[in-house]
Amino acid sequence: MPQTPEEESLGSLVAQASSHISTLVRSEIELAKAEFRFDAKRVGTAGAAFAAAAFMAHLCLILVSFAIAYFLAQWLPTWVSFLIVTVIYLVAAGALVFVGIRRLKGLSGMKRTTQSLKDLKEIATPDEPTAGQVGLHREPVSRDGA
């Protein structure tokens, strides 16, 4: 005959609660793993789609470059028109490098984190001994008690 909750011992109730909590934690971990796998697959698929789109955009940029060069070739020699398009791309690339370098120079170097770690180190290693530290300020005692 099963016992009613009022008749169960405290030990058995704690054991049941512990078992239920353990089962709940395992179930939550499995759910998190399943969600992560699902999300990882979606992110991978999206990344592949973005990579394919970027490759196609790059091909379009090449084709547009040829179109511009051949358009300019109507009034200029062909080699000059291709040279003009190349110089335009070099100027654009140089401007992007300049912007990138300026953005990198603006990095702070994690100053707040470094200061926080220094403060934690100072807290963890106090200068004067505390009650838990044994006799850093005392002389060692020999076996004869002197």
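No experiment lies behind these values; they were computed from the predicted model shown.

A. Molecular detail of the overall build of the protein. A count of helices and strands for the protein gives three helices and zero strands. Beginning at the N terminus, the succession of helices and strands in the protein can be written as α-α-α. Burial status across the protein gives 3% buried among its 146 residues. Carbon and sulfur atoms make up 68% of the accessible area of the protein, which amounts to about 13,400 Å² in all.

B. Geometry of a nonpolar patch on the surface. Taken together, Phe-55, Met-56, Leu-59, Ile-62, Phe-66 and Tyr-70 make up a surface patch of nonpolar side chains, about 620 Å² in accessible area. Along the chain, the position of Phe-66 falls in helix H1 (residues 10-72).

C. Region of the structure containing the confidence of the model for the protein. Model confidence for the protein is summarised by a mean pLDDT of 82, while 81% of its residues fall at 70 or above. The least confident element of the protein, judged by mean pLDDT, is helix H3 (residues 111-124) at 75; the most confident is helix H2 (residues 78-105) at 92.

D. Region of interest: H3. If you check H3, its first and last C-alpha atoms are 20 Å apart, about what 14 residues at 1.5 Å a residue would give, namely 20 Å. Here H3 lies mainly on the outside; zero of its 14 residues are buried.

E. The side chain of Ser-81, seen in detail. Of note, Ser-81 is situated in helix H2. Non-local contacts of Ser-81, meaning those with residues more than four positions away in its chain, are made with Ala-69, Leu-72 and Ala-73.

F. Looking closely at the packing of aromatic side chains. The full count for this structure, using the stated rule, is four aromatic pairs. The interplanar angle of 70 degrees and the centroid separation of 5.5 Å between the aromatic rings of Phe-66 and Phe-82 together place this pair among those described as edge-to-face. Taken together, the residues Phe-66 in helix H1 and Phe-82 in helix H2 connect sequence positions 16 residues apart. The class of Phe-66 is partly exposed, set by a relative accessible area of 39%.

G. Representation of the pattern of salt bridges. By the definition in use, this model includes one salt bridge. Here Lys-33 ties to Glu-30 by a salt bridge, and the two come within 3.8 Å at their closest N and O atoms. Residue Lys-33 and its partner Glu-30 are both found in helix H1; the two are separated by three residues, about one turn of the helix. Residue Lys-33 is classed as partly exposed on the basis of its relative accessible area of 42%.

What counts, and where the lines are drawn
Each residue is numbered by its place in its chain's sequence as written, counting from 1. Totals for whole chains, interfaces and linings use every residue, but because this is a predicted model, local features are given only for residues with pLDDT of at least 70 and side-chain atom pairs only at 80 or more, for both listing and counting. The basis for every side-chain value is the complete set of non-hydrogen atoms in the structure, without hydrogens or water. Numbering of helices and strands runs from the N terminus; a helix is a DSSP stretch of H or I covering at least four residues, while a strand is a stretch of E covering at least two. Here the term buried applies to any residue with accessible area under 20% of the maximum for its type, exposed to any over 50%, and partly exposed to those in between, with areas from a 1.4 Å probe on protein chains only. Here the Shrake-Rupley method, with its probe set to 1.4 Å, supplies the accessible areas, and only the displayed protein chains count as covering residues. Each patch is built from residues that are more than 30% exposed by relative accessible area and take part in no salt bridge. Like charges join if they lie within 9 Å; nonpolar side chains (Val, Leu, Ile, Met, Phe, Trp, Tyr) join within 5 Å. A pairing counts as a salt bridge when a side-chain nitrogen of Lys or Arg comes within 4 Å of a carboxyl oxygen of Asp or Glu. The predictor attaches a confidence to each residue, and that confidence, scored 0 to 100, is pLDDT. Helix span, as expected, comes to 1.5 Å for every residue beyond the first. Here, two residues are considered to be in contact whenever any of their heavy atoms come within 4.5 Å of each other. Each aromatic pair joins two rings of Phe, Tyr and Trp (for Trp, the six-membered one) with centres within 6.5 Å, and gets the label stacked for planes under 30 degrees apart, edge-to-face for over 60, and tilted for any other angle.

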